[in-house]
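What the coordinates show
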Amino acid sequence: MVDFDVVPLPDADHVAEGEQAPDFTRPLVNGEFWEDASLSDLTDEGPVCLVFYPMDGAFPATYIWNELRDREWDEHLTVVGVSISTPYAHKQLIEEREMPYDLFADPANGVAEEYGVAHDLDGMAGVSEPRPAVFLLDEDRTVQHAWVAEEWPDFPPYDALETEIRALVD
């Protein structure tokens, strides 16, 4: 069994419920290819569950995406991820986890910074990644629900998020 310490994270000044989520354009990766796409391209099609997570290969990414894959939320809205990993790493994660979800590649972590969920990595000057966070967005990119990790590691409250998703799409 892996032994790790739970570490409190500093407060995050993140995008809050009722605010409009920032739009962005980054490479959007699926199991076959990637191309630049914007968040608004996705919200134009309906509600979006925007999931920030640490780099591909980190154990939280595995747990988060396995859980989301098994819950099949994509039947109700678009589920999409954002991390600092490259398109190549995203493609591999999608294939290994058999994920039906696309992932935005944001190696400079600029999107997490815009959303207020960037986390500086200890002992690595100038290196950051997103802390786990989930934003449920309507078609206008208005945040209907926000969850942001308060400690490391921390995982989304999946059952509560599922309730929020059902309220958003019903």
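Residues numbered from 1 in each chain as written. Predicted model: local features only at pLDDT ≥ 70, side-chain atom pairs only at ≥ 80, totals over all residues. Heavy atoms only, no water.

**Let's talk about the overall build of the chain**
- Looking only at helices and strands, the chain features five helices and eleven strands.
- The C-alpha radius of gyration of the chain comes to 15 Å, within 12% of the 15 Å expected for a compact globule of 170 residues.
- With 170 residues in all, the chain has 48% of them scored as buried.
- Long-range pairs, those at least 24 residues apart, make up 66% of the contacts in the chain between residues at least 6 apart in sequence.
- Carbon and sulfur atoms make up 45% of the accessible area of the chain, which amounts to about 8,500 Å² in all.
- The positive charge centre, built from 8 side chains, and the negative charge centre, built from 39, are 4 Å apart in the chain. (Helix = DSSP H or I, 4+ residues; strand = E, 2+ residues; numbered from the N terminus. Rg over C-alpha atoms; globule rule 2.2 N^0.38 Å. Buried < 20%, exposed > 50% of the residue type's maximum accessible area, 1.4 Å probe, protein only. Contact = heavy atoms within 4.5 Å. Areas by Shrake-Rupley, 256 points an atom, 1.4 Å probe, with all protein chains shown as cover. Lys, Arg positive; Asp, Glu negative; His and termini not counted. Charge placed at Lys NZ, Arg CZ, Asp CG, Glu CD.)

**Comments concerning the side chain of N66**
- Assignment of secondary structure puts N66 in helix α2 (residues 59-71).
- Judged by its relative accessible area of 19%, N66 falls in the buried class.
- A polar side-chain atom of N66 sits 3.3 Å from a polar atom in the side chain of R69. (Polar contact = N/O pair within 3.5 Å; in protein donor to acceptor, adjacent residues only side chain to side chain.)

**Details of the pairing of strand β10 (residues 143-148)**
- For β10, a buried count of five out of six residues is recorded, marking the element as mostly surrounded by other parts of the structure.
- Relative to β10, strand β9 (residues 133-137) runs antiparallel, the two being bridged by five bridges. Counted as the bridge partner of L137 is V143 from β10.
- In sequence, β9 turns back onto β10 through a hairpin of five residues, with R141 there showing a positive phi of about 70°. (Pairing = 2+ DSSP bridges.)

**Side note on the environment of M55**
- With respect to the helices and strands, the residue M55 is situated in the loop between β4 (48-52) and α2.
- The exposure class of M55 is partly exposed, given its relative accessible area of 34%.
- The sequence separation of M55 and I84 amounts to 29 residues, and the corresponding C-alpha distance is 5.6 Å.
- With residues up to four places along the chain from it excluded, the contact list for M55 reads A61, S83, I84, S85 and E129.

**Points about the nonpolar core**
- Counting 24 residues, the largest nonpolar core has C49, V51, W65, L68, W73 and V79 as its most contacted members.
- Looking at this core, the elements that each hand over two or more residues are β4, α2, α3 (87-97), β9 and α5 (158-169).
- Counting residues in hydrophobic clusters, the runner-up holds 23 residues, among them A21, L50, A112 and Y115. (Core = buried A, V, L, I, M, F, W, Y, C linked by side-chain atoms within 4.5 Å.)

**Here's the deal with the packing of aromatic side chains**
- This model, assessed by the stated rule, comprises eleven aromatic pairs.
- Note on F52 and F135: the rings are 5.9 Å apart at their centroids and 85° apart in plane angle, and the pair reads as edge-to-face. Placement of the pair is F52 in strand β4 and F135 in strand β9, with a sequence separation of 83 residues. In terms of burial, F52 and F135 fall into one category: buried.
- An aromatic cluster of three or more residues is present, and its members are F24, F52, F104, Y115 and F135. (Phe/Tyr/Trp six-rings, centres within 6.5 Å; stacked < 30°, edge-to-face > 60°.)

**Some words on the sheet that holds strand β2 (residues 25-29)**
- One open sheet accounts for seven strands, arranged β3-β2-β6-β5-β4-β9-β10; its pairing is mixed. Of all the strands in the sheet, just β3 (34-38) and β10 have a single pairing partner and so form its edges. In this sheet, neighbouring strand axes are inclined to one another by 25° on average, regardless of whether the strands run parallel or antiparallel.
- Pairing geometry for strand β5 (residues 78-83) and strand β6 (residues 102-105), over four bridges, is parallel. By the bridge assignment, S83 is partnered in β6 with A105.
- Along the sheet, α2 contacts β4, β5 and β6; its crossing angle with β5, the most-contacted strand, is approximately 175°.
- Along the sheet, α5 makes contact with β9 and β10, crossing β9 at roughly 15°. (Axes fitted to C-alpha atoms, helices over the stretch in contact; angles between N-to-C directions.)

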